[in-house]
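# Residue-level structure breakdown
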Amino acid sequence: MNEEALLARASEERERIFQRYERGRENLVGQIDPWEDPEFEDYHKTDRYGFIHDERLLHKTAPQKVNVEVEREKKWVKMLGSWDTPATREKLHRRIYKGIPNSLRIKIWCKLLNVNSMKSTNVGKYQEMLRLAKQWSTDVRQIDSDVNRQFREHQFYRERYSEKQCSLFNVLCAYSMYNSEVGYCQGMSGLAGVLLMYMDEEDAFWALAILLSDKKYAMHGLYVEGFPKLTRFLEHHDKILTKFMPKLKQHFDKFGLDAILYSLKWFFVCFVERVPFSLCLRVWDIYLLDGERVITAMAYTILKLHKKAIMKLNDMDLIVNYIQVKLHKDFGYEDDIVIHHLERSMDELKRAKIDYPGPPPPSELPQRQLGAFVEPDKKAKIGQRAENFSETEKQARATVILRREKAALELQELRVSQSDTVSDHSGVASGVRCEDSVSVLGSRRSLADTSVTSTADLSVFSSGRSHAPDNSLDTHSNISDDGTGSDGCGNCSLSVQWLPTAQSTPRATPYPPSASPSEDVVRIHVTYNPLASPSHLQPVSPSKYKYEHHKPVSLNFYTNGSNVPDNRIRIQVSSEELLTPIVDSGRIISPRYIDSHPGMYEYK
């Protein structure tokens with residue numbers, strides 16, 4: 001298709017998506033696929049915050065807590081009537097740490113963020129941005145996909161094209177035009193989704209704008225190209241662990257666990273879907289009051305409270321699963337206790353002068369005028385993939401590589417200090433796993449929305465910011481059009497092909513049970529599914545190879561007969577009993593294929 005045809009197709013698709021949200025659920029009967037609406041069972045599984053649970057809730061709010069909240073509501077209502085007085089400012093800190101009554105969060109959050117003032121000075125701006133988005137937004141496809149993935153278990157967002165889904169779509173599309181530097185990044189759907197639980201559409205838009213641009217929160221640096229604030233916060237988090245929990249830091253280093261693997265949603269969306277929602281709201285209350293220093297203190301608090309349990313876990317995936325999944329389902333402490341420890345942590349970090357990561361540098365703040373229309377270029381309109389890394393993205397990748405190398409050096413020093421005989425396989429395993437953290441920074445759209453960050457589900461991307469038509473969650477590879485995944489410098493990035501969920505993740509294990517721990521043995525399990533193989537390539541018995549060729553086949557480490565080595569791994573498992581294929585880059589190598597490619601394979 002020529003360029004004009006591609007532009008027309010992109011425009012038609014954008015218009016079609018907007019029309020579905022404008023028509024709403026009631027006018028789309030028979031046009032919504034069944035998979036778009038999650039199943040809903042008994043009403044008694046819905047908690048007080050609107051989240052639907054798979055099983056009957058074990059815990060209900062105790063009557064005495066309800067009475068306490070009712071009494072607090074009376075005090076808060078009185079305080080709202082005299083918000084700007086010195087007496088209110090004096091009480092505000094203490095009362096927010098005790099907890100804002102859920103029924104009053106809509107008013108208190110708007111007050112803390114000063115939403116009404118922002119809205120009154122920008123009358124009509126939200127409607128203007130939404131109108132421009134309908135005509136120009138290049139992020140509509142990705143936003144449409146993410147709207148139906150965000151909070152699917154919540155009654156507000158459960159039904160496709162429901163009122164709140166439409167509001168979420170509108171807020172994100174409008175903001176993608178308001179802040180042309182950021183556009184849209186997946187983590188923003190979590191922020192806007194929570195805000196819309198307590199605000200109307202336009203208020204949520206301005207609250208999102210304040211969270212990203214106000215220096216008190218400065219979340220712009222988390223979502224802009226290169227993720228400069230994420231890198232800075234990870235470094236600050238490491239400093240806190242090194243100073244206050246050195247044994248836990250050594251434990252993480254021992255298993256190659258970089259902070260980026262467990263803390264993404266801590267920093268990107270303020271603990272949404274990483275702690276129970278009731279606790280998340282309490283953290284948000286304090287965050288809106290005290291700003292970004294709350295995030296690093298809460299991260300420290302979580303690890304401090306669960307240090308003993310984490311130290312007992314001797315595998316990177318187990319640690320990540322515990323921090324990201326288990327604590328979300330059952331944190332193990334009452335919310336009031338956690339907030340008490342959070343307040344103590346903030347005081348502890350403040351005394352050590354390490355509570356604040358420092359003011360955001362200019363690179364983390366908006367450089368362009370907010371709300372000024374910038375027409376996208378033709379590639380962005382069409383949705384073409386970016387062929388090369390930008391300088392910012394290259395720097396971000398280099399920064400994470402340095403973090404990985406530093407962690408590897410610390411791990412090596414730890415091994416020497418312990419004088420233990422550790423086989424080289426541990427370094428290999430941790431090196432491969434840490435490579436995931438490098439790849440994560442390849443695509444800022446998928447970074448924030450990694451639901452469970454582990455070796456099994458971290459996406460590996462080959463280029464940076466992309467407007468590719470195929471924007472499925474955490475699976476778009478964003479490779480260049482030649483399919484090589486080049487970064488524009490001739491260096492091929494690590495790429496991972498997603499396997500069906502029924503297959504297990506290839507895993508390197510320390511050694512077979514029968515082997516001695518001192519043996520330098522690495523056992524690699526590679527799942528093979530013949531049904532997934534190309535129909536014209538069939539597994540060949542090793543004995544057949546021996547019969548036809550009389551000599552074992554050697555797979556060169558060169559491509560197309562050139563002298564430039566590539567970095568692919570090829571595995572051959574010889575067995576007379578099993579039909580084990582030779583696999584090279586996903587292709588099953590048959591004798592005919594070897595004979596037809598003499599430049600790639602040779603006989604020894």
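Note that this is a predicted model, so its numbers are computed, not measured. (Residues numbered from 1 in each chain as written. Predicted model: local features only at pLDDT ≥ 70, side-chain atom pairs only at ≥ 80, totals over all residues. Heavy atoms only, no water.)

## A word on the overall build of the chain
In terms of helices and strands, the chain carries 25 helices and 6 strands. The burial tally for the chain puts 50% of its 604 residues in the buried class. In the chain, 73% of the contacts between residues at least 6 apart in sequence involve partners at least 24 apart. Here the chain displays about 30400 Å² of accessible surface, and carbon together with sulfur accounts for 51% of that area. (Helix = DSSP H or I, 4+ residues; strand = E, 2+ residues; numbered from the N terminus. Buried < 20%, exposed > 50% of the residue type's maximum accessible area, 1.4 Å probe, protein only. Contact = heavy atoms within 4.5 Å. Areas by Shrake-Rupley, 256 points an atom, 1.4 Å probe, with all protein chains shown as cover.)

## Some points on the environment of C173
Along the polypeptide, C173 turns up in helix α8 (residues 163-178). Take C173: its relative accessible area is 0%, and that puts it in the buried class. As for C173 and V140, which are separated by 33 residues in sequence, their C-alpha atoms are 6.6 Å apart. Residue contacts for C173: discarding those within four places in its chain leaves F18, A133, V140 and I143.

## Side note on a positive patch on the surface
The grouping of K75, K78, K91, R94 and K98 at the surface amounts to a positive patch. Put simply, the parts of the chain that give the positive patch at least two residues each are α2 (63-80) and α3 (86-98). By secondary structure assignment, the location of K75 is in helix α2. (Patch = residues over 30% accessible without salt bridge, like charges linked within 9 Å, V, L, I, M, F, W, Y side chains within 5 Å. Salt bridge = Lys/Arg side-chain N within 4 Å of Asp/Glu carboxyl O. Lys, Arg positive; Asp, Glu negative; His and termini not counted. Charge placed at Lys NZ, Arg CZ, Asp CG, Glu CD.)

## With respect to the pattern of salt bridges
Applying the stated rule across the entire model yields 18 salt bridges. The shortest N-O distance in the salt bridge between R141 and E13 comes to 2.3 Å. Here the residue R141 occupies a position in helix α7 (residues 140-147), and E13 occupies one in helix α1 (residues 3-23), the gap between them amounting to 128 residues. Salt-bridge contacts for D203 lead to K119; the nearest nitrogen and oxygen are separated by 2.6 Å. Here the residue D203 occupies a position in helix α10 (residues 201-213), and K119 occupies one in helix α5 (residues 115-120), the gap between them amounting to 84 residues. Among the residues examined, D203 registers a relative accessible area of 10% and is labelled buried. Each of R25, R158 and E159 takes part in salt bridges that share partners, so that together they form one network.

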